Amino acid sequence: MSGDRGAARGDAPQSYYGRPIIKPPVWTWEIGAYLFTGGLGGASATLSLAARAAGDHRLARTSLLVGAAADAASLPLLAHDLGRPGRFLNMLRMFKPRSPMSMGSWILAVSGTSSGVAAALEVAGRLPRLKLAAEVAAGLAGPALSTYTGVLLADTAVPAWHEARRELPAVFGMSAAASAGAAATLLLPPADAGPARRLAVAGVIGEGIAMETMERRIGFVGEPYRTGTPGRLARWAKALAGVGALLLGLRGRRSRTASVAGAAMVLAGEVCLRFCVFRAGFDSATDPAYTVRPQRERADARAAAAAGAQEAGPSPEPGRIAPGDGDGAR
Amino acid sequence: MTTERADALAAPHGGNCADGWRTYGDDAQERVGFFTDTSICIGCKACEVACKEWNDVPDDGFAFTGQSYDNTGALGANTWRHVAFIEQDRPVRVPDATPPAPHPPGGDTGAADGFRWLMSSDVCKHCTHAACLDVCPTGSLFRTEYGTVVVQEDICNGCGYCVPACPFGVLDRRERPNASVVKPDGRVHKCTLCYDRLKVGEEPACARACPTDSIQFGELDELRRRADRRLEKLRAEGWADAHLYGRDPHDGVGGFGAFFLLLDRPEVYGLPPDPVVATRHLGEMWRWAAAAAGAVVALVAAVFAGGRR
Amino acid sequence: MGSNMAENHPVGFQWVMEARERGARIFHVDPRFTRTSAMATDHIRIRPGSDIAYLGGLINFILEHGREFREYVTAYTNAPVLIGEDFRDTEDLDGLFSGYDAESGTYDPSSWQYAGMEMHGAAGQRESGVSAAHAAGGGGGRLESGEPPEEDPTLEHPRCVFQLLRKHYRRYTPQFVAETCGCSADQFLDHANALCDASGRERTGAFVYSVGWTQHTVGVQYIRAAAIVQLLLGNMGRPGGGILALRGHASIQGSTDIPTLYNLLPGYLPMPHAERYGDLDGYVAANEQPTGWWGNMRAYMVSLLRAYYGQRATADNDWGFGWLPRIDKDDSAYRTTMAMIDGTVKGFIVAGENPAVGNANGRAHRKALASLDWLVVRDLFEIETAAFWYDSPEVAAGEIRPEDIGTEVFLMPAADHTEKDGSFTNTQRLLQWHHAAVQPKGDCRSELWFYYHLGRLVKERLEDSPLQRDEGFRALTWDYPTHGAHEEPSAEAVLAEINGWDLTTGEPLGGFPQLKDDGTTACGCWIYCGVHAEGVNQAARRKPRWEQEHYTALEWGWAWPANRRILYNRASADRDGRPWSDRKRYVWWDADEGRWTGYDVPDFEVSKPPDYRPSEDARAQDAIAGDHPFVMQGDGRGWLFVPQGVVDGPMPTHYEPAESPGPNPLYRQRANPARQDIEHRTNPENPVPDVPGEGPYPHIATTYRLTEHHTAGGMSRTVAVLSELQPEMFCEVSPALAELEGLEHGGWAVVSTSRAEIETRVMVTHRMAPTEIGGRTVHVIGLPYHWGSRGLVTGGSANDLTGIAMDPNVHIQESKALTCAIRPGRLAGGGGRGAA
Ligand SMILES: Nc1nc2c(c(=O)[nH]1)N[C@H]1C(S)=C(S)[C@@H](COP(=O)(O)OP(=O)(O)OC[C@H]3O[C@@H](n4cnc5c(=O)[nH]c(N)nc54)[C@H](O)[C@@H]3O)O[C@H]1N2
Ligand SMILES: Nc1nc2c(c(=O)[nH]1)N[C@H]1C(S)=C(S)[C@@H](COP(=O)(O)OP(=O)(O)OC[C@H]3O[C@@H](n4cnc5c(=O)[nH]c(N)nc54)[C@H](O)[C@@H]3O)O[C@H]1N2
Ligand code: SF4
Ligand code: SF4
Ligand code: SF4
Ligand code: SF4
Ligand code: SF4
Ligand SMILES: [Mo]
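None of these values were measured; they are calculated from a predicted model.

### With respect to the overall build of chain A
And then number 1: Counting its secondary structure elements, chain A contains ten helices and zero strands.
And then number 2: Listed by position from the N terminus, the elements making up chain A come as α-α-α-α-α-α-α-α-α-α.
And then number 3: Long-range pairs, those at least 24 residues apart, make up 72% of the contacts in chain A between residues at least 6 apart in sequence.
And then number 4: A total of about 12,600 Å² of accessible surface is found on chain A, and carbon and sulfur atoms cover 66% of it.

See below:
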């Protein structure tokens, strides 16, 4: 009950009995997990392709297999979260650029099939040309697969996601790179893991920068990233990935143990980071303040502007849209 | 009273709306929608019940919320019309702002301060730029020839993307097994603006049931004109904070197909004060993603500079 | 006042909203701030049970400030009439009128009569508590001519009704209203002025009431008080005026017109009494009203007997009058309940009612059911009344064990209104026909089917019974055509019989003026005569308003009597038959045509000119002058003062409810002296404190409805989409009371009276507020009464708390004003349960 006792009273409530204005996502843990596996898969395919190009076939093979495995894991995760798993294939019913999830489905389809094929041929050691083609396809799809999930989340009414739309793809991309690097480092002897190791470290740094910029920019709406469960996850992510990266950077070259430990910590850190962003969305959707306050400020500002600039004609206002734009005009 | 409006659908084909709206194809009809005038809503919930009866929507559970007379709480998969109740220590009319008669309701209650009980029937807005429809990967959500937004239950795979996409929290996924859905359903559900009734020239069930015409169904252009006249009248009578919500074709979602006359700020009714369709920034988002992808590629390339060790 | 129209008559309320939009002021006078208050322009909060003080205040305001519609009052009401010398007012006798008999608790109205008026043995009627006049809610004293013997057109004579009113209400000042009702004097004055401003030649004001007014031990007097206000303001018989009684179940009006009441025959003819008046002549002599339309009572009665007994009813056998069942005492519902407990009533048929939840003192009712030999329940569901023996608070609490109950219960599934033909008679006396949309499922059968075939079987059994008492039954005509697999009787055939025929020609009758007392006409209900005119089902007419000439839409359905939409509408024209004003023209005298005309069917003989004067020996309607619109009354006038017909006084007086929060501010006589209390061990009354707001039951409780449910819940607690809207029994309390008693919003509370305790959820809301009575703060608790132990959602039943104290005229229980106590928490076991 807002107000003192009894049903709601009129003292400027933020919302209706404190209820959420928008609906929190219905997604369960699988999607959080997919954010990680998808990123890992995508970046690994790219890493593998790059390694191939650089003639580093050992790394190429490892990352190829990692990528294929991650992609393979992604499908059941996605399917399982559906309300009607039986209708999973409806995802490919149309090719719809306005729907990041539609795009994502296609990207994952391409990446998944190609890296799958490539991996199979790699193991079987047959049809080298086809394999190469598949590797190229997967490698090129990789960056898309590892970043589109940022758009996937941002293209919703969830304040913590939508307001973070600029940085989210970068955060996820860097996190993906770090994961791919770490995964390969984990599986390879330090001597062969140089590029992977450097990628892991660079990824961690990159994602740190991206996160920081994002939180600074969106301010109040970013609160969920710092508080509650997501906040805790964020701290774990920083700690694990940070220490892991440090370990890799300082001792990863020489000590296999350090390399394995560091890589494992980075991977764990990336998992935490994904779930941090995932959970933050729920929290920011559930508390009406994150939806109402920014919009209220926007509306008031506009009202003030309109009042101020009467004769000056309507001033360009936030939160407005030109008629004819969007699906309505098609 | 409703009968005069029932034939609103006998409209010429291929109509256009002031806001540049164009319905598609030869089947195109005048865009229709609702004007919900909360200043005459008596909170009888006939709309809520009529909707459930006509569309065979299951109950939402039997929980006493204590939130005034509202026990269904919010729009969702099992509540497509929702009547909000807000009790306020505030008169409906600003004390002696403009002529005494006619007297707006809720007036003096014997308490020193005025008191009012706002009631408002919420529904899917059938946005001009509908986020739910934009993001739906399967094409289950579609734009009908009447300009309304409808879920095709035989296509929806329950991916749930439309749920957080809607800036009004209208859609939700139905899970709970209950009276009329024996096994879990898993799809999302929302107001169809009674697509089936429109097809046979009937007005939607909720509007038909509304005794006071708080819910007015008709062609959007006509409804907007009517709403403007109504607002003028109320303003003249000195109603506090009366304003139209979602009538403006230039707002963040390009105007609502189902818009409202509210007596307090939208958030008081659980509505967003300045909703913006998320996909409005989609282009921008893709560009940032491309940049991020580029960064990933660059980074991957860069790490081979140092050779294998 | 006393109606929550937006919540309980929402469809009708759309027109109130229209009026508001056109600038009308809507006052809602109610103890609670309801959805109606929210829509009204003004809400005035008064204490439950204080309306006569409020209305008396209006009367006093009108008289003191000369706001009455003089011309109307002198011409059309009995204001000028002189009352007999020996009448004494409550002001003289400290709360009693003359004629009160303390030990029977009843009044002898002979001292209330018009001066110089000859009295006929009205005694019989009084003792049986019934007279045609009374039953019809009007009529009364025996005038031998249409003109009262002594009148004073100047309204100055101290014994004229007008002056008696003045004296009676002089003390009902705005301050008195404020102190007694708990509203502010300013609010009251604002209302009073607005009402008077909205009355007169150019404008009319209306009252709307429902059971917020009737469910009191002085319920009938509440409505009488409103009638006085409206007559003084000239708001009766005119468009936009009147007193609108919003009735309950879809055809509850019909069930009083063609009654389910023990003491009435169709058309408000009194049920004959066992000893009183012997033969038909005696009956008519005792009950008819020689002048006015009741002067034809014999014709109505003989036609009814001809409908009942057909050819068997002849002049020789007194038209079978002797065959009619007789009453010998008060057998009203609550008395019968007590008789069940005391074992004198052994069998009971309940059809379309759920007394275990719907009637006051639910525990007593369930006890009564448990004391029966057999019980028949005809309903759509297995309601509490049918399941009482294994599913009730008492069983849940272990007070009774099913195996100890001997009642044999027969539950018979009923067909609902969508499954059968028939008519609804609504608040406006409008009959609307409905056709069966679907066939009843399984064993479900219509009421018509049940009673027709039951009667048929009984007649077969009694075919050759030698017993004299069975003659009547055997003489009954019982020959309705049936159709379909179930042999469903034809509802329209019943309607045709109700309308009646001219037995000489066999033609359907066109209206009740055609009824004869010589046995040449048959009519099942005189006031419905004309509903099947020309053999056409007039009630089935559905011509939309906008396709008709006038807004009165006379071709939609059919309103009794004679399809009149506004009663006494001759009053919409002045003495000479000219409309009071052009704005308010409705029915008027067309001199050229020499007839009454207008938008409605004139409630007057069409050719009786305004200047008609009756001869001394004129009878019935002929005795009513051309300028006296109230044609059912013996003197054709609207009665400000009721000499007879209302058993608890000629003028409404403020009495406290039987269970009041304190003493009566006006008189030592606290509550209605003629009220009917049921002294029975199962029906204790809460003690009344000397100081308001003290004692074991310090708070006032009032019970009511919610839009989301229907009455005893049989039709709403069984429907998921309704149950979810109000899933649990709750009480509405003010923050102040919550503070005082430590109640938590959303928590639980136990409400108790000397009858029972129930548990409810708590709704703390600013829509409730305490009231000031004589400077003391008294709290009001609101209790919806829809819950019981069965259905999708269950909960404590408010009627377990209410007691049985009744209005003496119509035996309705006082469920709108009682006292109670409240405490936070829940009941140990049983009691009400929460949502299931
Ligand atoms: N949705 C719905 N509609 C219904 C019904 C239903 O159960 N549900 N029931 C139908 C039936 S059977 C009937 S009889 C009608 C009844 O219709 P109403 O009479 O409107 O029903 P109530 O809610 O019992 O009482 C009306 C109001 O009387 C107020 N009241 C209580 N005591 C007093 C008093 O002393 N003075 C004054 N002035 N007001 C008082 C109560 O606060 C309440 O708001 O409704 C019919 N319509
Ligand atoms: N405390 C308190 N008590 C009250 C009141 C109050 O305001 N306060 N109001 C009083 C009033 S006004 C009323 S009218 C009563 C109502 O009280 P009840 O009449 O006892 O309660 P209902 O639930 O209306 O009972 C009607 C039953 O008829 C059944 N039914 C419906 N259609 C048919 C049909 O065609 N045939 C048959 N055989 N059955 C059918 C329904 O299923 C339902 O169970 O309650 C009274 N009691
Ligand atoms: S309100 Fe929400 S669900 Fe309705 S059309 Fe707009 S975005 Fe879609
Ligand atoms: S849940 Fe159904 S309707 Fe919503 S986006 Fe997914 S497929 Fe479309
Ligand atoms: S339009 Fe139809 S579906 Fe939408 S709320 Fe009204 S009744 Fe329900
Ligand atoms: S039906 Fe009309 S009046 Fe009743 S709650 Fe719905 S909108 Fe309001
Ligand atoms: S239930 Fe029937 S009678 Fe009562 S208000 Fe609704 S429509 Fe009218
Ligand atoms: Mo009733």
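After that view, the rundown keeps rolling.
### Here's the deal with the confidence of the model for chain A
And then number 1: Predicted confidence across chain A gives a mean pLDDT of 90, with 89% of residues reaching 70 or more.
And then number 2: Here residues 311-330 of chain A scores under 50 on pLDDT; set against residues more than four positions off or in separate chains, the count is 45 contacts.

### Things to note about the site of ligand 1
Residue and element names in this part refer to chain C.
And then number 1: Every one of the 30 residues lining ligand 1 counts as a neighbour, but Gly49, Asp51, Arg705, His709 and Thr711 are closest to it.
And then number 2: One nitrogen or oxygen atom from the side chain of Ser210 is found 3.1 Å from an oxygen atom belonging to ligand 1.
And then number 3: Between an oxygen atom of ligand 1 and a side-chain N or O atom of His216, the distance comes to 3.3 Å.
And then number 4: With the chains in place, 95% of the 910 Å² that ligand 1 exposes on its own is no longer accessible.
And then number 5: Taken together, the elements giving at least two residues each to the shell around ligand 1 come down to α1 (5-8), α12 (211-214) and β23 (699-704).
And then number 6: Among the residues making up the shell around ligand 1, the classes are represented as six nonpolar, 18 polar and six charged.

### Overview of the interface of chain C and chain B
Reports often express the size of an interface as the amount of accessible area lost when the parts come together.
And then number 1: Contacts between the two partners involve 52 residues from chain C and, on the opposite side, 47 residues from chain B.
And then number 2: Roughly 3,900 Å² of surface becomes buried between chain C and chain B when both sides are summed, with 62% attributable to carbon and sulfur atoms.
And then number 3: Area buried by chain C at its contact with chain B is led by Arg35, Glu724 and Leu725 of chain C, which between them contribute 17% of it.
And then number 4: Put simply, chain C and chain B have five salt bridges between them.

### As for the site of ligand 2
Residue and element names in this part refer to chain C.
And then number 1: If you check the shell around ligand 2, you find 29 residues, and the closest are His249, Gly358, Asp379, Lys420 and Thr711.
And then number 2: Glu447 has a polar side-chain atom sitting 2.8 Å from a nitrogen atom of ligand 2.
And then number 3: Within the backbone of Ala712, a nitrogen or oxygen atom sits 3.1 Å from an oxygen atom of ligand 2.
And then number 4: Elements supplying a minimum of two residues to the shell around ligand 2: α18 (355-358) and β10 (374-379).
And then number 5: Tallied by class, residues from the shell around ligand 2 come to nine nonpolar, twelve polar and eight charged.

### A closer look at the packing of helix α4 (residues 51-64) of chain C against helix α13 (residues 219-232) of chain C
All names here are of chain C.
And then number 1: For the pair α4 and α13, the least separation of the axes is 9 Å and the interaxial angle reads 20°. Judged on the interaxial angle alone, α13 and α4 are roughly parallel. For the pair α4 and α13, the crossing hand works out as left-handed. Each of Asp51, Ile52, Leu55, Leu58, Ile59, Ile62 and Leu63 in α4 lies in contact with α13, whose residues at this interface are Gln221, Tyr222, Ala225, Ala226, Ile228, Val229 and Leu232.
And then number 2: Here the contact of α4 with α13 is built from residues that sort into twelve nonpolar, one polar and one charged.

### Re the state of the cysteines
And then number 1: Summed over the entire model, instances satisfying the criterion amount to zero disulfides over all chains.
And then number 2: Cys276 of chain A takes part in no disulfide bond, and the closest cysteine sulfur to it belongs to Cys272 of chain A, at a distance of 9.1 Å.

### Details of the side chain of Asn235 of chain C
All names here are of chain C.
And then number 1: Its place among the elements puts Asn235 in the loop between α13 and β6 (243-245).
And then number 2: Residue Asn235 is classed as buried on the basis of its relative accessible area of 0%.
And then number 3: Apart from the residues lying within four places of it in its own chain, the contact partners of Asn235 are Ser199, Arg203, Thr204, Gly205, Gln230, Gly241 and Gly242.

### Let's talk about helix α1 (residues 29-53) of chain A
All names here are of chain A.
And then number 1: Its 25 residues give α1 an end-to-end C-alpha distance of 36 Å, which sits within 8% of 36 Å, the value for a rise of 1.5 Å per residue.
And then number 2: Summarising burial for α1: 23 of the 25 residues are buried, a large majority.
And then number 3: Of the residues trailing α1, Gly55 is marked for its positive phi of about 80°.

### Notes on the pairing of strand β3 (residues 116-123) of chain B
The side chains of a regular strand alternate between the sheet's two faces.
Residue and element names in this part refer to chain B.
And then number 1: For β3, the tally of buried residues reaches eight of eight residues, placing the bulk of the element in the interior.
And then number 2: Alternating residues of β3 divide into Arg116, Leu118, Ser120 and Asp122 and Trp117, Met119, Ser121 and Val123, and every residue in both groups is buried.
And then number 3: Two strands pair when backbone bridges link them, and strand β2 (residues 81-88) and β3 are joined in this way by eight bridges, in the antiparallel orientation. Within the sheet, the bridge partner assigned to Val83 lies in β3 and is Ser121.

About the criteria used
Residues numbered from 1 in each chain as written. Chains lettered and ligands numbered in written order. Predicted model: local features only at pLDDT ≥ 70, side-chain atom pairs only at ≥ 80, totals over all residues. Heavy atoms only, no water. Helix = DSSP H or I, 4+ residues; strand = E, 2+ residues; numbered from the N terminus. Contact = heavy atoms within 4.5 Å. Areas by Shrake-Rupley, 256 points an atom, 1.4 Å probe, with all protein chains shown as cover. pLDDT = per-residue confidence, 0-100. Near = heavy atom within 4 Å. Polar contact = N/O pair within 3.5 Å; in protein donor to acceptor, adjacent residues only side chain to side chain. Nonpolar A, V, L, I, M, F, W, Y, C, P; charged D, E, K, R; others polar. Buried area = accessible area lost by both parts, 1.4 Å probe. Salt bridge = Lys/Arg side-chain N within 4 Å of Asp/Glu carboxyl O. Axes fitted to C-alpha atoms, helices over the stretch in contact; angles between N-to-C directions. Parallel < 35°, antiparallel > 145°, perpendicular 65-115°, else oblique. Left-handed = near helix turned anticlockwise from the far one by under 90°. Disulfide = S-S within 2.5 Å. Buried < 20%, exposed > 50% of the residue type's maximum accessible area, 1.4 Å probe, protein only. Expected span 1.5 Å × (residues − 1). Pairing = 2+ DSSP bridges.

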